[in-house]
Structures are given as C-alpha cells and as structure tokens.
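Descriptive analysis of the structure
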2 protein chains.
Amino acid sequence: MSFQAPRGMRDFYPEDMIWRTWLFDTWTATARRHGFEQYDAPVVEHLDLLTRKAGEEIVDQIYAFEDKSGRQLALRPEVTPSLVRLVAARRTQIVLPAKWFTIAQCFRYERMSKGRKREHFQWNLDIIGAADITTDLEVMATAVDALRALGLSAEDVSLRIGSRKLVAAMLTALGVPDDQQLGVLMVLDKRGKVSDEVLAEMLRDAGIAADLAARIMGIFEVSSLDDAARQVPADSPAVAELRQLFTLAEKAGVASFLAFDIAVVRGLAYYTGIVFEAFDARRQFRAILGGGRYDRLFESLGEPPLPAVGFGFGDVVIREVLEAKGLSPQGGPGVDVCVGVFEAANWPEAMEVASDLRREGFCVDLALGAEGPKSLFKYADRRAARRVVFLAPEELKSGSAVLRDMSTRSQETVALGDVVTAVRRSLAGGIGSA
Amino acid sequence: MSFQAPRGMRDFYPEDMIWRTWLFDTWTATARRHGFEQYDAPVVEHLDLLTRKAGEEIVDQIYAFEDKSGRQLALRPEVTPSLVRLVAARRTQIVLPAKWFTIAQCFRYERMSKGRKREHFQWNLDIIGAADITTDLEVMATAVDALRALGLSAEDVSLRIGSRKLVAAMLTALGVPDDQQLGVLMVLDKRGKVSDEVLAEMLRDAGIAADLAARIMGIFEVSSLDDAARQVPADSPAVAELRQLFTLAEKAGVASFLAFDIAVVRGLAYYTGIVFEAFDARRQFRAILGGGRYDRLFESLGEPPLPAVGFGFGDVVIREVLEAKGLSPQGGPGVDVCVGVFEAANWPEAMEVASDLRREGFCVDLALGAEGPKSLFKYADRRAARRVVFLAPEELKSGSAVLRDMSTRSQETVALGDVVTAVRRSLAGGIGSA
C-alpha cells in the first residue's frame, strides 16, 4: 500500500514537530503577552456558515461533504466565520471588546505551489467589539511582536498597510459606482498574481469600461499616503485614520515594521477598513500574514453590528522565510537521563530508578531493547540524552548504578538510593557551570 | 442563521480552552518526562488506510468524502493507522524503538451519549519496535503518571488489564477454533454495553453453538490471574507475561493502579497481546483510556513485522471524571497588567507604556473602549488583571501614571519612565510575600 499522506497534507515527524511546537509556543506566548485569550472551534462546520460572505474563490476551494444524516458539512477554509458564530451565540455574556486567538488547521483544495498546501495551521487573532483605530494598531503590534519573537527584524519583513476605505474613496473619485467597488477590489487583489493583461480582462468582466479600467490601474502608481491624500477629498476619514495609525505605531515601538502600500486590498469580501499583509523584504515568498478590519460581517449574517479587526498568520510561509534566513528553534525538548541495563534481567531495578527520577520531574527515557553498553550508548546518543544511568550486574551486586555524562564520557558509581541526588547535582553542574 | 456547531462537535470558549490547555499540557509534560517524542499526522487520510484492519464498527462510523479529483478521503477515527504509515514510510531512518506521542482530533459518526461526541481529542502514545513486556509496562506507567498528574489516585481510577492471548488460550481450551476467535473477542468486548441476551445472539451470529456460547460466557467468572491460570496449560506464556507485568509494576511504583480484569478485550481487531482500559472506581463513566499490544498490524498492511504497544486517552471522559471529583485547573493564564486611560486622547501614551511592559515579558491587556475609571476598573476586574496602570490627564501633566493593585485597591503615582520597575516590584511583592 502507499504510505503517502493525502496530496497537499503534511505529516509531522518528531523533527518537524519541534519546529511546529516552537512556532505555536511563540504565537501563544505573544498573544498572551498582549492580553488575548485562546478559543477553538470545530474544524468541521456547516457548509452554509462558510459560504456566506467569504468571497467566491475561497468557496470554490472548500472541502465539502454530506454526513450520514444528509447534513452539508465542510472542513473550514478559514476561522473567521466560526469566530463570528461563537461570539454571536454568546453575545450578551462575553466581555467586550473580546481579544481572542486560536491556532486552527484550515483546509483549501487548491493548486499546490510554493507556500501553499491543502492544509495549514493558522494563528488567528481578533478584537471584536471595538471600532477605534487603537484596536487596529493593537492587533498589528501583536503581529509585529510575534515576528520579532521569531527572530525577524524590520530589515527582514515589513507589514504593508492598505485601506479598503481609501481605495473606495479613490474609486468614487474616479467615478466607479458603489455597487461595483467590491468587485473591483477583488480584482485588484489579484495584481502580482496574474498579469496586468489578465487583470484588465477581469476588470472588464466586472463591468468596467476600458478607459476607466486604465485609470483604476493608475491607483497603483500611488507610492505614499501623502500622494494618496491628494486624490481624495481633504477631509477623507480614510486618510485621517491611516495617519493616526502611523502615529500610534511610533508610540507602540512598531513603526519601523510598518509601510503604507496602496496595493494591499486583501482577497476576502468582508473587509471594510484598514487591511495589511506582511512580506519578506525581498518579496521572495507569499504573504506571511494578512488581516484587517471587518466591521459589517456580523450585520451581513443577520446579527446586530459589531466592529472587528484581526489577522491570520499561517505556518507554511513563515517556515520558508525563517529557513531562508537560517533561523530555527535551538534544539528541542531533550532527554535528561537515559536509563538502561547491561542484561535484560535487570529491567525491574532500572524501572525503579526511572520511576524515582521521573517523580522528581526529570525527562527520562528507557533504552528498551538496547541492552549492553554498546547498544545502550548508541541509543542514548541518538536520543541526545545528557546523562545515562546504567545498571550492570557487577555494580548491582554492591547496590550501585553507574552515572555517565554523555558529553564528557566521564562516569561515576553511585549507590542506588543516591541516583536522584547524583543526577540532580550532575545536571545542575552541567548547566550552571557552563 | 443558526449559531450552533455541527451536531456532536464542540466549541471551545476561552473558559473551556483553559481546561483543554491544562489537560494537553499535562499529557505533553508526562510524555516528555517518559522520553516520548511528539509527532502529528493529517486529520484527513486516505479512506483505504483507515478501513484496513480496524474492525467493522469503526469503519461504519467514518466520515468519508471524495475530493475534487475523486480521491476517497476521510476524517481519521483513530490515529494508529497514520502512525503505522509514518513509521513504515521512514522505517530505516527512525531510531527504534520509537517512543512517540501525539494529541490528535479524531472523528466518529455515532449516536451521541454521555462521554461520546462525534469528535474528540485523543492523546496517543506508542512504542514501536520493541516486544518485551517492559515496553507494555513503560506505556502503562506513562498513562498512570498522567492520571496522577491530573490529581487522580489509585482510589479514584484503576487500570484494568486483560490479555487477548490469555482469552484466546481459554477459548482454545474450550474448543473454539482459531479462525473464530477474533469474532468471539469482538463480541465479548460488547459485554456491559449490550444485554447478555444480545451478547448470546451475537455469539450465535459468529457461528458459535449455544452450549459453547454458555461456556464462553463462563470466562467472565474468572476473577483473578490465578483463577485464569488454572484454565490454561501450566506453561501458558500469556500467564507468565501477566505475572511479569505485575512484578514490574511494583518496581515502577504503579502497581496500586493496576488490576487484572479478564473482561477487558478491547474493540479494535488489531490487538494481539495485553490490553488495558482505565475506569473510574465506581464505573460511572466510560473508559478513560484504552490500549494494548498490536504486534501484527505492520505485517497485516504488507510490511515487515514490527511489534508495537500503545494507548489512546480521550479528552471527553476524563473531563467528566475530573469534574465529578471537583478537580479542575487552578485559574488560567492571567493578565498581569491592564493599561487604560481616562480620556481617549491619551491612548498614544498608554500604548507606549503597554509596549514597554510587554517588552519585559509581562502579559498586558489594553482596556480598549473602556475609557474612564468606572469602565476601566470594571473591565480589568472581568479580565482578572492583577494590576492596572492608568493614564489620567492630571497625572500626565506631571509625567506620571497611576499603578493600582486590583486586590488591595491601593494606588501609587509613578513617573512614566519608572512604570516597568514599579510593576515588577509590585508583582514580585504580590507573589513573593504572599
């Protein structure tokens, strides 16, 4: 039989898991440092929750199926609909604004390419119930803090900030009617992913005349916020809130990571305000994370309005970016002590020693099936154990075991009753004196 | 629209997540203390991997679907087939015996009842590549250690030990042919879940004559290992290895949790040796965990043989057991400091303070949208923040903020540049002197 995972789905062997655990732990610690609480929702949701308001592309990519009672279910392609569902269901009990995060596996059936698989884990972090620009900045500051905690600087990555409101104001100034603006935005999001010719065609399909399309494409010439400000009315709230955002970013110590970028509009239909994406400085990889404000999603699902802002930060692109920079977790959770025997008959005594050490909190492996010095030390080396305690018939006769330091290869004979103390002293010396 | 999760699937609100995180952390720490490495496999697998050798009941309960290329996929109902797949695919590179664990969400479409949902998270822990009984005990000792770490004693729970080999020897002694024994074992696993009449019927359906069926039911009269030993040949290896297991359990300090139980046979087809299940002492709940030895699973999938033993420990029943005993995590990850303002205009300064505190590693929430003393303190209380730092216009004029201890309600005025130091001193005093 084939021992492959389904196409586009990943296995995580222990060495991959060290990576993933390091990333997830960094995300979790960063979210907590910023006062966010963790939640989770089922990876399986009702299909209709996922297809509303998400935008067409994502809907085409949903893994959908029917359960044995004929329910239309699906593997979530994103977490935001589930988040809205959870908040709406307990709206009156939840402390607002809710600062929530999750690390959720999401599934999309799509053509595979660099940085894209059919599943990925996504750190989702949102603030629900606050509309002020401070909230947008708080979310972005958390994203930047995570990038920093992973070892990236403002020279390595940048958080590109756009605004749906600003682009909408520019489209209005160009004469694009309100009801065509979302369609145009969805097309503009494809820039860089398809050729400009295809883009022009897509605009035509969205009902935009050729000359207007050319002027719309001119929006991408805008290279600064001041530049953009000249193309919209002087009292544009979109410009004012962007200016405020950059001021707050200075105070929050994240300004060096932020850059205005008119071209960032995001591909999901539900965004309403500021949107952002993080990229590596050389733009070799896809977006590391992306998010923005979505103030009308609750309304559009038939609920009373509730403003919201958040982002998704996947585990695939960041690993490519970090590996390209040579950044990776330093070691993994190791084995403190490997306990072994020279003869299988001594396993009962070995298990007693292992049990004593574990009770004291040490990470202890048993070299099962690796009896005798040669196999034992080989096994201990491959598991990167720092110390070995072994029970050999000679020493056992006098009630002793042998403690070996795997780095110095020095050994000492220790009474069975003193093994815990000896290991503690040996490991403390090994760390403290290093 | 409906804001319900799909039937049988769970939402985890922050308060549920505190529970889940505590459980997962306990599982992970216990596995590491016993020298196990973490792995993970996709929640979606090829259907054919999951339907081989699993046993009929579980196959009926699989959530299966076809992807857009016509591949037959499914949500895993258990992790063991994926584990075998991962090990088989890299058999020559992996250090054997492999001591691996994962915490994996599994899905089964089944009638819902107490302790059963359509998804659950399962801690799976296995040793692959070692056949000795020490390996079985090492796996059981890890399970017992986890139960202890969750606050349960040998008075609360017991690990019931059975043996497929022993029951098979008894069936042979009763004259049940080899090729009918697995069918009989699968029926015996249903005891207690269906009435004895239904059980007798099921034995008949498995091709067992009524008088033999009655004698088979007599197996359950066996109340001790000595009792069982009298019904099989004196040199029975099944009895010898059980005796050895109980001796090792004494040495490993877990004997008080273990009890021989002839009725434990497990419902999955692939077990070959010792099997076990943990139950609460009063048997009010379903099995907390279950596992055993499965030495022929690799062979049956067309691979060279590789002995293996392991267990699955779900998150649903254990929560019921712990809640019935009043055991739960003490608090969750809290907020060290809540930073707020009396007037919205002071958010820039507040963000600077929050940024300084976070850089020092404190968990800091911003009381966004809760301007003014009343809303600020109310918000901080609901988030269980230990300290509040607030910026009020009066103090800001003199370059100061106010630090408030939320338990004592005492306040001090602190220069903005000294906030980090003051918070560190205040929190250290709060902990150190308590």
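As a reminder, the structure under discussion sits directly above these lines.
Residues numbered from 1 in each chain as written. Chains lettered and ligands numbered in written order. Predicted model: local features only at pLDDT ≥ 70, side-chain atom pairs only at ≥ 80, totals over all residues. Heavy atoms only, no water.

**So, the sheet that holds strand β3 (residues 63-66) of chain B**
Residue and element names in this part refer to chain B. The sheet built from 3 strands is open, its strands ordered β2-β4-β3 with antiparallel pairing. Strands at the two margins of the open sheet, each flanked by one partner only, are β2 (44-46) and β3. If you compare each strand with its neighbour and ignore which way they point, the axes differ by 35 degrees on average. Direction of pairing for β2 relative to strand β4 (residues 72-75): antiparallel, over a ladder of 3 bridges. By the bridge assignment, H46 is partnered in β4 with L73. (Pairing = 2+ DSSP bridges. Helix = DSSP H or I, 4+ residues; strand = E, 2+ residues; numbered from the N terminus. Axes fitted to C-alpha atoms, helices over the stretch in contact; angles between N-to-C directions.)

**Some remarks on the interface of chain A and chain B**
The accessible area lost on association of the parts is a frequent measure of interface size. Contacts between chain A and chain B engage 88 residues on the former and 88 residues on the latter. Interface area, chain A with chain B, both sides summed: about 8,200 Å², of which 63% is carbon and sulfur. For the interface between chain A and chain B, the tally reads 14 salt bridges. With a shortest N-O distance of 2.6 Å, R358 of chain A and E138 of chain B are connected by a salt bridge. Applying the counting rule to chain A against chain B returns 32 residue pairs in polar contact (both at pLDDT 80 or more). (Contact = heavy atoms within 4.5 Å. Buried area = accessible area lost by both parts, 1.4 Å probe. Salt bridge = Lys/Arg side-chain N within 4 Å of Asp/Glu carboxyl O. Polar contact = N/O pair within 3.5 Å; in protein donor to acceptor, adjacent residues only side chain to side chain.)

**A look at the pairing of strand β6 (residues 119-128) of chain B**
Residue and element names in this part refer to chain B. Summarising burial for β6: 9 of the 10 residues are buried, a large majority. Relative to β6, strand β5 (residues 98-107) runs antiparallel, the two sharing 10 bridges. In the strand pairing of β6, Q105 is matched with F121. (Buried < 20%, exposed > 50% of the residue type's maximum accessible area, 1.4 Å probe, protein only.)

**Comments concerning the pattern of salt bridges**
A side chain with one charge may pair with a side chain of the opposite charge, provided their charged atoms come close. Inspection of every chain in the model, using the stated rule, returns 66 salt bridges over all chains. Of the charged contacts, one joins D365 of chain B and K99 of chain A as a salt bridge, the two residues approaching to 2.6 Å between their closest N and O atoms. You can see D365 of chain B sitting in strand β13 (residues 364-366) and its partner K99 of chain A sitting in strand β5 (residues 98-107), one on each of two chains. For the pair D365 of chain B and K99 of chain A, a shared accessibility class is recorded, and that class is buried. Note that E323 of chain B and R319 of chain B form a salt bridge whose closest N and O atoms lie 3.0 Å from each other. With a gap of 4 residues between them, E323 of chain B and R319 of chain B both fall in helix α13 (residues 317-324), about one helical turn apart. Given a relative accessible area of 45%, E323 of chain B falls into the partly exposed group. Under the relative-accessibility criterion, R319 of chain B is labelled partly exposed at 23%. Look at the salt bridges and you will find they share partners, linking E37, K99 and E138 of chain A together with R358, D365 and R383 of chain B into a network.

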